[in-house]
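Breakdown of the fold
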Amino acid sequence: MNPMVEFCITNLANGAQDVYDKLELDPNVDVLEYGCLSFCTECAEGLYAVVNGDLVTGNDATDLLQNIYQYIEENPMW
């Protein structure tokens, strides 16, 4: 089972789209987008994704992508 990375459509529009696109090319990660993930404060403050149910943030797209992969590495699913 692959790690699940979820994005809010508003956060994608705010700059996380590049991260989504890169993760979608990774066959070892499942990526989904939703209308809202109910993290409105985080969404207003910066970029984020929900990885296996946990919030992961980043200062910019590069930082978010790095933090997502770091989270996945440090929190294996099995």
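Shown above is the structure to which this text applies.
Residues numbered from 1 in each chain as written. Predicted model: local features only at pLDDT ≥ 70, side-chain atom pairs only at ≥ 80, totals over all residues. Heavy atoms only, no water.

**Some words on the packing of helix 1 (residues 9-24) against helix 3 (residues 61-74)**
One way to put it is that helix 1 packs onto helix 3 with a least axis distance of 8 Å and a crossing angle of 40 degrees. Of the possible angle classes, the one that applies to helix 1 and helix 3 is oblique. Handedness of the crossing formed by helix 1 with helix 3: right-handed. Packed against helix 1, whose contacting residues are Gly15, Ala16, Val19, Lys22 and Leu23, the element helix 3 presents Ala61, Leu64, Leu65, Ile68 and Tyr69 at the interface. (Axes fitted to C-alpha atoms, helices over the stretch in contact; angles between N-to-C directions. Helix = DSSP H or I, 4+ residues; strand = E, 2+ residues; numbered from the N terminus. Parallel < 35°, antiparallel > 145°, perpendicular 65-115°, else oblique. Left-handed = near helix turned anticlockwise from the far one by under 90°. Contact = heavy atoms within 4.5 Å.)

**Concerning the pairing of strand 3 (residues 47-51)**
In terms of burial, strand 3 is largely enclosed, as five of its five residues are buried. Side-chain alternation along strand 3 places Leu47, Ala49 and Val51 on one buried face and Tyr48 and Val50 on a second face that is also buried. Here strand 1 (residues 4-8) pairs with strand 3 via two bridges, running antiparallel. In the strand pairing of strand 3, glutamate 6 is matched with valine 50. Relative to strand 4 (residues 54-58), strand 3 is paired through five bridges, and the arrangement is antiparallel. By the bridge assignment, valine 51 is partnered in strand 4 with aspartate 54. (Buried < 20%, exposed > 50% of the residue type's maximum accessible area, 1.4 Å probe, protein only. Pairing = 2+ DSSP bridges.)

**Overview of helix 1**
Between the first and last C-alpha of helix 1 there are merely 15 Å, a value that for 16 residues lags more than 12% behind the 22 Å anticipated at 1.5 Å per step. Its maximal kink placed at glycine 15, helix 1 deviates by approximately 100 degrees. For helix 1, the secondary structure elements touched by its buried residues are strand 1, strand 2 (30-34), helix 2 (40-45), strand 3 and helix 3. (Expected span 1.5 Å × (residues − 1). Bend = angle between axes of the 7 residues up to and from the residue.)

**Some words on unusual backbone geometry**
If you check the backbone angles, serine 38 has positive phi at about 65 degrees while not being a glycine. Within the secondary structure, serine 38 sits in the loop between strand 2 and helix 2. Residue classification places serine 38 among the exposed residues on the basis of a relative accessible area of 62%.

**So, the environment of glutamate 42**
In this structure, glutamate 42 sits in helix 2. With a relative accessible area of 25%, glutamate 42 lands in the partly exposed category. Put simply, glutamate 42 and asparagine 11 are 31 residues apart on the chain and 9.1 Å apart in space, counted from C-alpha to C-alpha. The residues contacting glutamate 42, other than those within four sequence positions of it, are Tyr48, Leu55 and Thr57.

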